[in-house]
Amino acid sequence: MRSQAPLRACGALLDYKTVKFALTRNRRVGLLHRLLQLGVLGYVLGWVLLARKGYQDTDRAPRAAVVTKMKGAAVAEAVGKGRRLWDAADYARPPQGENVLFLVTNFIATAQQSQGTCPESPSVLDAVCTEDADCPMGNPVVHGNGIKTGKCVMFNTTHSTCEIYGWCPVENNTVPRKPLLAEAENFTLFIKNTVHFTKFNFSKCNALQTNDPTYFKSCTYDPFFNRSCPVFRVRDMVEAAGETFGDLALLGGSIGVRIEWDCDLDHPAAQCQPQYSFSLQDRRYNFRTASYYWDSQRRLYRNLLKLYGIRFDISVHGQAGKFSIIPAAVSFGTGIAFFGAATVVCDLVLLYLDAKADFYWKEKFEEAKPPKGKTEAAA
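Definitions and limits used
Residues numbered from 1 in each chain as written. Predicted model: local features only at pLDDT ≥ 70, side-chain atom pairs only at ≥ 80, totals over all residues. Heavy atoms only, no water. Disulfide = S-S within 2.5 Å. Helix = DSSP H or I, 4+ residues; strand = E, 2+ residues; numbered from the N terminus. Buried < 20%, exposed > 50% of the residue type's maximum accessible area, 1.4 Å probe, protein only. Pairing = 2+ DSSP bridges. Phe/Tyr/Trp six-rings, centres within 6.5 Å; stacked < 30°, edge-to-face > 60°. Lys NZ or Arg CZ within 6 Å of the ring centre and 35° of its normal. Salt bridge = Lys/Arg side-chain N within 4 Å of Asp/Glu carboxyl O. Contact = heavy atoms within 4.5 Å.

(A) Molecular detail of the state of the cysteines. Enumeration over the complete set of coordinates arrives at five disulfides. Shown here is the disulfide that connects Cys129 with Cys152, its sulfur atoms set 2.0 Å apart. Taking the torsion about the S-S bond as the criterion, the Cys129 to Cys152 disulfide, at about 95 degrees, is right-handed. One end of the pair, Cys129, is in the loop between β6 (100–119) and β7 (146–154); the other, Cys152, is in strand β7, and 23 residues separate them in sequence. Both residues of the pair, Cys129 and Cys152, belong to the buried class. Between Cys135 and Cys162 runs a disulfide, and the two sulfur atoms are separated by 1.9 Å. On the sign convention where negative is left-handed, the bridge of Cys135 and Cys162, at about -85 degrees about the S-S bond, is left-handed.

(B) Seen up close, the pairing of strand β9 (residues 188–197). Because side chains alternate across β9, one face comprises the buried residues Leu189, Ile191, Asn193, Val195 and Phe197, and the other comprises Thr188, Phe190, Lys192, Thr194 and His196, none of which is buried. Relative to β9, strand β2 (residues 63–71) runs antiparallel, the two being bridged by nine bridges. Residue Met70 lies in a different strand from β9, and its bridge partner there is Leu189. Two strands pair when backbone bridges link them, and β9 and strand β11 (residues 231–233) are joined in this way by three bridges, in the antiparallel orientation. The partner of Thr188 across the bridge, within β11, is Arg233. Pairing of β9 with strand β10 (residues 202–205), which is carried by four bridges, proceeds in the antiparallel orientation. Bridge pairing in β10 links His196 to Ser203. From the end of β9 to the start of β10, which pair antiparallel, there are four residues, and Asn201 there has a positive phi angle of about 55 degrees.

(C) Focus on the packing of aromatic side chains. Going through the model one piece at a time under the given rule, you end up with 13 aromatic pairs. Considering the side-chain rings of Phe190 and Phe216, the 5.8 Å spacing of their centres and the 70 degrees angle between planes classify their relative orientation as edge-to-face. With a gap of 26 residues between them, Phe190 in strand β9 and Phe216 in helix α4 (residues 215–218) connect regions that are remote in the sequence. Three or more aromatic residues link up through ring pairs in this structure, and these residues are Tyr221, Phe232, Tyr276 and Phe278. Across the ring face of Trp294, the terminal group of Arg298 is positioned such that the distance to the ring centre comes to 4.8 Å.

(D) Structural detail: unusual backbone geometry. Omega for the peptide link from Cys168 to Pro169 comes to -5 degrees, which places this bond in the cis form. A positive phi angle is found at Asn201, which is not glycine, with a value near 55 degrees. Unusually for a residue other than glycine, Arg298 sits at a positive phi of about 65 degrees. Mapped onto the elements, Arg298 comes out in the loop between β14 (286–294) and β15 (300–323). Overall, the relative accessible area of 58% leaves Arg298 in the exposed class.

(E) Local environment of the pattern of salt bridges. Tallied over the full model, the rule gives nine salt bridges. Measuring nitrogen to oxygen at the nearest pair gives 3.0 Å for the salt bridge that ties Arg311 to Asp313. Overall, the relative accessible area of 26% leaves Arg311 in the partly exposed class. Overall, the relative accessible area of 16% leaves Asp313 in the buried class.

(F) Structural context of the environment of Val231. Among the secondary structure elements, Val231 is positioned in strand β11. In the structure, Val231 is positioned 89 residues away from Ala320 in sequence and 25 Å away in space, judged by C-alpha atoms. When neighbours within four sequence positions are excluded, Val231 is seen to be in contact with Thr188, Leu189, Phe190, Phe216, Cys219, Thr220 and Tyr221.

In structure tokens form, the structure reads like this:
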């Protein structure tokens, strides 16, 4: 008997199973089957085809080019420094930027600095002293403006600080109570952006294609009435990021400008328009810059500016889609497979969970035997 077991196992490998359909009058399983089919149909039509556009081939990595240009003028008056006109060459860094632009809104000026010795600022903790021993010669002042000379000197009538060798007088650190370039809220930022979807050889620019040379000098972007004008007012951008210009302009900050392209190339190209969004990335932003010159005695001087302002970081994202037979066939095949899965689920419920599972099991599966007197070899 044991010697026949391997033969039976080999014979079982050659058995063929075919599908047998059995009609059951089970209302609960029938209702479950229809609900699953409706769910699959809603998923395929609503989500895969309509929402996700599964019939389209997509390009999610466009090539993008950004050019920015700031316009406007303001007059600022610093204490003891007089009035000064600021235009785009002064307050925009770089003057004609790309995807990053810095707008000066406030500043601290320290004029006529020259290299020499002078008392360090009392606002620097490492510079406060009571005697010369507190100022070891040659040590740099931590978070300060120069190198200690070894002397403790009077900064004013109330403070003594270490004498340093550096640019003197030391930097003024008194921040104005109001932004000196308050007019910057009405400055305009021109953002020209072009995207190219290489997979479909499709390019689009966010600026209106017009022959009117005065259009961009007079228009301002509006999300409802003027979406084709890429000229943005600074105050509108700050408010769209959830801030007020006066608060952000005083000590500076960073705003992210996101340009989102979502193009359906099965529709006319005119419907491919960018969406703009603005977000506050950071509060407080500043850096220092200086202009150098020589006097008549050939002594080197500089005017130091600590600039506060708003940094605009522009990023471009997007995707384009167009009908293609391959993704359409894949989506259609996936839908058919899900319909088959609904039948499998109902079979499992019927054969394993239903109260009459044994009965349905016997009706669904039976062994087909050849008529008596005939063998498979004779057949």
